[in-house]
Amino acid sequence: MEIWINPACSKCRSALSLLDAEGADYTVRRYLEDVPSEDEIRDVLDRLGLEPWDITRTQEDAAKDLGMKDWARDESSRDRWVRALSEHPRLIQRPIITAEDGTAVVGRTDEAVRDALSR
C-alpha cells in the first residue's frame, strides 16, 4: 500500500494517523517532491476508476492560472489534464491510497481510508 501525501495537508495527516492506528503496512510518497509521471497518474486514475478532472483541485491558483475550469472534460482532453497534474502536482487531490488489491481511493475521509484497508 502506498499513500501520496502533502505533509502540510490535515487530511493527509489524519489518514496517516488512521493507518498507523490500524497497524497498516504502507509507504509514504511525498508527491510534491517525488512528482508522479504522466504514466503513474494514468495508472492511479485507472486504479481509482476516475478521470483526471475528478482528482484535480480546481480552486488552486495554478488551476485558475491555467484556466482549467474551462477545459473540456472528455477523452480527447484527458492527456492535457494528466500532463497538467504531472507538471503541477499540487493540483492532485490528496491523499491517494493505492490498495493491495490493485485499486485506489482518495482518502479524504476515515471511511475511505478504512475502505482501502479492507481491500
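Residues numbered from 1 in each chain as written. Predicted model: local features only at pLDDT ≥ 70, side-chain atom pairs only at ≥ 80, totals over all residues. Heavy atoms only, no water.

Draft legend 1. Highlighting the overall build of the chain. Broken down by element type, the chain carries 5 helices and 4 strands. Here the chain has a C-alpha radius of gyration of 14 Å; the compact-globule value for 119 residues is 14 Å, and the two agree. For the chain, the spread of C-alpha atoms along the three principal axes comes to 40 × 25 × 25 Å. When burial is assessed residue by residue, the chain has 41% of its 119 residues classed as buried. Partitioning the intrachain contacts of the chain with sequence separation of at least 6 by distance along the chain shows that 63% fall at a separation of at least 24. As displayed, the chain offers around 6300 Å² of accessible surface, 39% of which is attributable to carbon and sulfur atoms. Taking the average place of the 18 positive charges on the side chains of the chain and the average place of its 26 negative ones, the gap between the two points comes to 6 Å. (Helix = DSSP H or I, 4+ residues; strand = E, 2+ residues; numbered from the N terminus. Rg over C-alpha atoms; globule rule 2.2 N^0.38 Å. Buried < 20%, exposed > 50% of the residue type's maximum accessible area, 1.4 Å probe, protein only. Contact = heavy atoms within 4.5 Å. Areas by Shrake-Rupley, 256 points an atom, 1.4 Å probe, with all protein chains shown as cover. Lys, Arg positive; Asp, Glu negative; His and termini not counted. Charge placed at Lys NZ, Arg CZ, Asp CG, Glu CD.)

Draft legend 2. Up close: the environment of serine 118. When you line up the elements, serine 118 lands in the segment after α5 (110–117). Between the C-alpha atoms of serine 118 and aspartate 54, which are 64 residues apart in sequence, the distance is 23 Å. Reaching out from serine 118, the side chain makes a polar contact with the backbone oxygen of aspartate 115 at a distance of 2.8 Å. (Polar contact = N/O pair within 3.5 Å; in protein donor to acceptor, adjacent residues only side chain to side chain.)

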